[in-house]
Amino acid sequence: MKYTVTLIPGDGIGPEVTGATRQVIEAAGAPIEWEVVHAGQRAFEETGIPVPGAVLSSIRRNRVALKGPLATPKGKGFRSANVTIRQELQLYTGLRPVRSLPGVKTPYSNVDLVVLRENTEDLYAGIEHEVKPGHVISLKVSTRHAGERIAKWAFEYMRWRGRRKISCCAKPAVSPLADGAFLDAFATIGEDYPFIQQDTLPVDNLAMELAMDPTRFDVLLLQNLYGDILSDLCAGLVGGLGVVPGANIGDTTAVFEAVHGTAPDIQGKGIANPLAVLLSGVMMLEFMGEKKVADRIERAVWDVLSEGKHLTGDLGGTANTAEFTAALIDKL
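Residues numbered from 1 in each chain as written. Predicted model: local features only at pLDDT ≥ 70, side-chain atom pairs only at ≥ 80, totals over all residues. Heavy atoms only, no water.

## Some details on empty space enclosed by the protein
Enumeration over the complete set of coordinates arrives at two cavities of 30 Å³ or more. For the largest cavity, the calculated volume is near 70 Å³. In terms of lining residues, the largest cavity is bounded by Glu-118, Glu-121, Asp-122, Val-141, Ser-142, Thr-143, Ala-146, Gly-147, Phe-182, Gln-223 and Asn-224. Of the residues contributing to the lining of the largest cavity, the split by class is three nonpolar, five polar and three charged. Size it by volume and the second largest cavity reaches roughly 40 Å³. In this structure, the second largest cavity is lined by Lys-67, Asn-82, Ile-85, Arg-86, Leu-91, Asn-248, Val-255 and Glu-257. For the lining of the second largest cavity, the secondary structure elements donating two or more residues are α4 (81-88) and β12 (254-258). Of all the elements, α4 adds the most residues to the lining of the second largest cavity, at three residues. A breakdown of the residues in the lining of the second largest cavity according to their chemical character gives three nonpolar, two polar and three charged. (1 Å grid on protein atoms, 1.4 Å probe; cavity = no way out; pocket = protein on both sides within 12 Å on 5 of 7 lines; lining within 4 Å. Points joined across faces, edges and corners; volume = space filled by probe spheres on them. Nonpolar A, V, L, I, M, F, W, Y, C, P; charged D, E, K, R; others polar. Helix = DSSP H or I, 4+ residues; strand = E, 2+ residues; numbered from the N terminus.)

## Points about the pattern of salt bridges
This model, assessed by the stated rule, comprises 20 salt bridges. Measuring nitrogen to oxygen at the nearest pair gives 3.8 Å for the salt bridge that ties Glu-257 to Arg-86. Here the residue Glu-257 occupies a position in strand β12, and Arg-86 occupies one in helix α4, the gap between them amounting to 171 residues. Summarising the burial analysis for this pair, Glu-257 and Arg-86 share the class buried. Because the salt bridges share partners, they merge into one network encompassing Lys-67, Arg-86 and Glu-257. (Salt bridge = Lys/Arg side-chain N within 4 Å of Asp/Glu carboxyl O. Buried < 20%, exposed > 50% of the residue type's maximum accessible area, 1.4 Å probe, protein only.)

Set out below in structure tokens:
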């Protein structure tokens, strides 16, 4: 049986890192056929729209997509292509596993936590206006439905992944209604999962605690803005955005993606690290039920990182994208 998966190569280094990922996934024997569509800067240049309807239709049809980093045209009045995809497809769960990797030196070891971010509301609802010159109002949207939906997803994820503790983090002292509603939704859903340890933590306290000892955390549940900021902080704990996978998941569709940028400064030089997209691809394979193939790729990644002979420049090595990819395929 073959699965058709939407592939969005992305902008900047996107085609290089998604191309490398595609090579590894195919070498591992994944039964995938790719449907390639374009979004972001390239799509804007070709169609005048950063996220053409054909992209959304492809993802809806195939249910699963792998995406490279996207650029959004500046000064054109367009919302982020990434935000558009999440909101149009109701990909309400932002999933960011953060793990220490062999051969990647950081101040911390044994980090193994998951950041879950509510993707559809908060300030990212995009509701703002200038009430008078020099005075702008932005609305923070928080509904009970969205809070309970992401909390339910979080607890079910933990139940099936063997995670034992979840911390819901917000700032109710400053935003008692919006953040309070998110915490109330978490508490309500949490009553159905008494076997999972639950606590709440002010988001500023969380930032400090992560800097002091990230190993004490298991799963973090946050609203959109807090999750956006702190998921990047957590990536920094294990080596940066170049080594951390990501996914945006809804009830019927899921988009797996690198969380780093388009890196136009190294575009076309063949030195980009494809690891973040590749690990996102591993998550995608697990999501599709191709656990054996996912495990093969993950073992190859761990072997190459542990040996340290074919690392890209951002990991302290001298290998280019092709050499790193070839080393992974050789391990397979």
